[in-house]
Amino acid sequence: NFITIITALAIAIIFIYINAQKTIRDAFRISDIAKIQAGLSIFLSETNRYPEGKNLILGGPNSQILCLPQDFRSAKGFKPSDSSCQDKLLLNPAPTAPISGLPYIYNLTQDKNGLDSYSILFSLEKGIGQEFSKGSYCATPTEIKKGEC
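Residues numbered from 1 in each chain as written. Predicted model: local features only at pLDDT ≥ 70, side-chain atom pairs only at ≥ 80, totals over all residues. Heavy atoms only, no water.

Any chance you could break down the overall build of the protein for me, citing the residues and the numbers?
Looking only at helices and strands, the protein features one helix and eight strands. When the helices and strands of the protein are placed in sequence order, the string is α-β-β-β-β-β-β-β-β. Its C-alpha atoms give the protein a radius of gyration of 19 Å, more than 25% over the compact-globule value 15 Å for 149 residues. Seen through its principal axes, the protein has C-alpha atoms that stretch 75 × 35 × 20 Å. Burial statistics for the protein: of 149 residues in total, 34% are counted as buried. The long-range fraction of contacts in the protein, counting pairs at least 24 apart against all pairs at least 6 apart in sequence, stands at 50%. Separation between the mean location of the 15 positive side-chain charges and that of the 13 negative ones in the protein comes to 5 Å. (Helix = DSSP H or I, 4+ residues; strand = E, 2+ residues; numbered from the N terminus. Rg over C-alpha atoms; globule rule 2.2 N^0.38 Å. Buried < 20%, exposed > 50% of the residue type's maximum accessible area, 1.4 Å probe, protein only. Contact = heavy atoms within 4.5 Å. Lys, Arg positive; Asp, Glu negative; His and termini not counted. Charge placed at Lys NZ, Arg CZ, Asp CG, Glu CD.)

Before we move on, could you go through the environment of Gln110 and cite the residues and values that matter?
Summarising the element assignment, Gln110 is placed in strand β5 (residues 104-110). A relative accessible area of 58% places Gln110 in the exposed class. Along the backbone, Gln110 and Tyr50 are 60 residues apart, and their C-alpha atoms lie at a distance of 10.0 Å. Excluding its chain neighbours within four sequence positions, the residues that come into contact with Gln110 are Leu115 and Ser117.

If you had to explain the state of the cysteines to someone new, which residues and values would you point to?
Across all of its chains, the model carries one disulfide by this definition. Cys138 shares a disulfide with Cys149; S-S distance 2.2 Å. Linking Cys138 and Cys149, the disulfide has an S-S dihedral of approximately 115° and is accordingly described as right-handed. Note that Cys138 is positioned in strand β7 (residues 132-139) and Cys149 in the segment after β8 (144-146), a separation of eleven residues in sequence. For Cys138, a relative accessible area of 2% translates into the label buried. (Disulfide = S-S within 2.5 Å.)

Please give an account of the sheet that holds strand β4 (residues 88-91) that cites residues and values.
Read from one edge to the other, the open sheet built from three strands follows the order β3-β2-β4, with strand pairing classed as antiparallel. The two strands at the open ends of the sheet, each matched to only one other strand, are β3 (78-80) and β4. Taking the axes of each pair of neighbouring strands and ignoring which way they run, one obtains an average angle of 45° across the sheet. Here three bridges tie strand β2 (residues 64-68) to β3, and the two strands are oriented antiparallel to one another. By the bridge assignment, Ile65 is partnered in β3 with Lys79. With respect to the sheet, helix α1 (residues 2-47) is in contact with β2, β3 and β4, its orientation differing from that of β2 by roughly 25°. (Pairing = 2+ DSSP bridges. Axes fitted to C-alpha atoms, helices over the stretch in contact; angles between N-to-C directions.)

An account of unusual backbone geometry is requested, with residue identities and associated values reported.
Here Asn48, not a glycine, exhibits a phi torsion of approximately 65°, which is positive. By the element assignment, Asn48 lies in the loop between α1 and β1 (56-58).

Below, the structure is given as structure tokens:
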């Protein structure tokens, strides 16, 4: 009986620990997305557009920096982290998802008026409170909504 109780307690503690780790990683993800959105907002205010990118995985082994070169007309925005940035470095590097299997995926898009916009696809493992449940989310300049981009 004693061994059964100890085993049950150990399993319960491990379960609580794993769930706490998922919640912490999800909180980091939401914070990362806010940092990326802030960098993109600065890029837009300086160049009147968002950085180029199609299915661009932010962070990770091939991490990206968000750079604002002196010649804004040629500003691509995201560059490999081993690139040089002559002027403003907005994100160095772009935040990396806590688990490589759940990356942040950036796409330059257009809104319903034909203006530059962006989407960042990301996922939460467990969720945070009632506002953010487990699953995929799409961050845009104006919102974070549940579901694919």
